[in-house]
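Secondary and tertiary structure notes
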Amino acid sequence: MNYVLAPPPPTAVAVAGSNVRFAVHRIYCIGRNYAEHAREMGAAVDRGNPLFFCKPADAVVADGADVRYPQATADLHHEVEMVVALQSGGANIAVDSALGHVFGYAVGLDLTRRDLQALAKAKGMPWDAAKAFDHSAPLSAIRRASESGHPQHAELSLRVNGQLRQRADISEMLFSVSQIIHELSTLFELKGGDLIFTGTPAGVAALARGDQFNARLGDIAALNGAIV
Ligand code: MN
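A brief look at the structure comes next. (Residues numbered from 1 in each chain as written. Predicted model: local features only at pLDDT ≥ 70, side-chain atom pairs only at ≥ 80, totals over all residues. Heavy atoms only, no water.)

1. What to know about the nonpolar core
Counting 45 residues, the largest nonpolar core has Y105, V107, V177, I181, I196 and L217 as the members making the most contacts within it. Of all the secondary structure elements, the ones that give two or more residues to this core are β3 (27-31), β8 (80-86), β9 (102-109), β13 (155-160), α5 (177-185), β17 (212-217) and β18 (221-227). Counting residues in each nonpolar core, the second largest holds 22 residues, with V24, F53, I142 and F197 among its members. (Core = buried A, V, L, I, M, F, W, Y, C linked by side-chain atoms within 4.5 Å. Buried < 20%, exposed > 50% of the residue type's maximum accessible area, 1.4 Å probe, protein only. Helix = DSSP H or I, 4+ residues; strand = E, 2+ residues; numbered from the N terminus.)

Structure, rendered in structure tokens:
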């Protein structure tokens with residue numbers, strides 16, 4: 001096949017303890033999945049209607065790499081999140097079989113241009129400019145579920161310049177991993193290679209140039225980087 005432009009290489013994420021890499025198909029995200037975070041954003045806690053949005057696959061920034069402070073914002077926020085990597089997918093996946101589609105788990109930042117999000121919310125406009133910008137998804141290596149199991153409890157934390165900013169247990173999620181996969185699959189046909197950001201706990205705040213961040217998901221995954 002000849003293309004007018006050479007196709008871009010796939011976004012590839014490291015797999016912990018391995019030389020193979022995980023090629024990213026799509027990035028899905030759920031919003032307002034921890035009650036305290038929904039409240040701090042002034043939003044209602046809604047256990048019936050999950051809020052989903054997407055980021056482009058090439059928004060991923062590898063563990064240890066610098067993150068350029070993005071254009072068009074004066075209020076870049078961190079949101080530390082557990083990230084689920086799928087090895088297979090489908091449409092209308094049952095809750096009971098959802099975990100069978102999980103390849104592994106990682107920790108990432110759902111970086112957010114909070115000023116643009118506030119503007120979008122006020123005007124009833126889409127969140128793309130607030131969420132789906134370049135370099136908006138720093139991500140750790142993926143730990144295979146065959147090594148980590150499917151964690152029901154794990155501490156999710158973010159330190160910035162050594163100071164604790166966010167900490168919660170993943171058991172506090174309003175929609176579990178199985179429920180998220182089920183709900184997403186009623187809207188989109190999921191595929192192996194998809195990543196799912198599973199929502200952030202309370203404590204979101206601004207990042208500045210020069211900040212060093214350290215995100216952890218228990219002893220499963222860790223992410224380090226700097227805003228430059
Ligand atoms: Mn988020």
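That covers the picture; the talk isn't over yet.
2. A few points about the coordination of the manganese ion
Taken together, the protein donors to the manganese ion comprise E79 (OE), E81 (OE) and D110 (OD), at separations of 2.0 to 2.2 Å. Read in sequence order, the donor residues for the manganese ion give the motif E-x1-E-x28-D. Here E81 is found in strand β8, whereas its partner D110 is found in the loop between β9 and β10 (112-113), with 29 residues between them in sequence. D110 carries the same exposure label as E81, and that label is buried. (Donors = N, O, S within 2.8 Å, 3.2 Å for Na, K, Ca; no water.)

3. Structural notes on the sheet that holds strand β16 (residues 205-206)
The three strands are arranged β10-β7-β16 in an open sheet whose pairing can be described as antiparallel. Edge positions in the sheet fall to β10 and β16, since each has one partner strand and no second. Pairing of strand β7 (residues 76-78) with β10 involves two bridges; the strand directions are antiparallel. Its bridge partner lying in β10, L76 is registered against R113. (Pairing = 2+ DSSP bridges.)

4. Considerations on the pairing of β17
Going residue by residue along β17, you find F213, A215 and L217 tucked away on one face and Q212, N214 and R216 left uncovered on the opposite face. As paired strands, β13 and β17 are joined by five bridges and run antiparallel to one another. Bridge pairing links V160 to F213 in β17. By the bridge criterion, six bridges tie β17 to β18 in an arrangement that is antiparallel. Its bridge partner being in β18, L217 is matched across the sheet by A221. Hairpin remark: β17 followed by β18, antiparallel, with three residues in the connecting loop; positive phi at G218, about 45°.

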